[in-house]
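Residues per chain are reported as follows:
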Amino acid sequence: MSATRYRRFLKLCEEWPMDDFKKGRDLGTFLRQRVALAFREGENTQILDPEKCDQMYESLARINSNVYRERFPRVMDTSFTGVTVEECKVLLSGSMQQMQQMDEEKKGLWKTLIQRFSSKAPEEAVEKASEK
């Protein structure tokens, strides 16, 4: 029976998408490592708690097949912050060049607030804030 469980987990690992932008932090990579650790002996691995193993597989399979995404559809593709999916991917990727490019495209929140609430020129207010 462990051979069947092992093959099911291997198939799940093959189907699970990998995000190249999150090197070392990708859920697919983590899942593959955990399966390799849990099934060190491959099909011959003795599973201590088969019920828990089956439950874990079923949970991961539901996530992978987007059961919850279909059951609870999102109205908008942004969060309460207004950040879009693409912007979130860039922020989570850790790529500083892409983040700097986004900063150039949009003013930072800090500069916007200073411009709105300051009677002085924005450069002077920023300099004054950095002096403190």
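Up top is the structure.
The shown structure was predicted, so the numbers you read here are calculated from the model rather than taken from an experiment.

**Q** Looking at this structure, I do not really get the packing of aromatic side chains. What am I missing?
**A** Here the distance between the centres and the angle between the planes together describe a pair of aromatic rings. By the definition in use, this model includes 3 aromatic pairs. Plain terms: the ring middles of tyrosine 6 and phenylalanine 39 are 5.4 Å apart, the flat faces sit at 55 degrees to each other, and that makes the pair tilted. A residue pair is termed long-range when its members are at least 10 positions apart, and tyrosine 6 in helix H1 (residues 2–15) and phenylalanine 39 in the loop between helix H2 (27–38) and helix H3 (50–64) qualify at 33 residues. Aromatic side chains phenylalanine 9 and phenylalanine 39 sit 5.6 Å apart centroid to centroid with 45 degrees between the ring planes, which places their arrangement in the tilted category. Here phenylalanine 9, found in helix H1, pairs with phenylalanine 39, found in the loop between H2 and H3; they are 30 residues apart in sequence, far enough to count as distant. Residue phenylalanine 9 is classed as buried on the basis of its relative accessible area of 6%. Assessed through its relative accessible area of 7%, phenylalanine 39 is described here as buried.

**Q** Would you explain the side chain of arginine 5 in this entry?
**A** Here arginine 5 is to be found in helix H1. Residue arginine 5 is classed as buried on the basis of its relative accessible area, which comes to 10%. Aside from chain neighbours lying at most four places away, what touches arginine 5 is Phe39, Ile47, Pro50, Cys53 and Asp54.

So, how was this worked out
- Residues numbered from 1 in each chain as written.
- Predicted model: local features only at pLDDT ≥ 70, side-chain atom pairs only at ≥ 80, totals over all residues.
- Heavy atoms only, no water.
- Phe/Tyr/Trp six-rings, centres within 6.5 Å; stacked < 30°, edge-to-face > 60°.
- Helix = DSSP H or I, 4+ residues; strand = E, 2+ residues; numbered from the N terminus.
- Buried < 20%, exposed > 50% of the residue type's maximum accessible area, 1.4 Å probe, protein only.
- Contact = heavy atoms within 4.5 Å.

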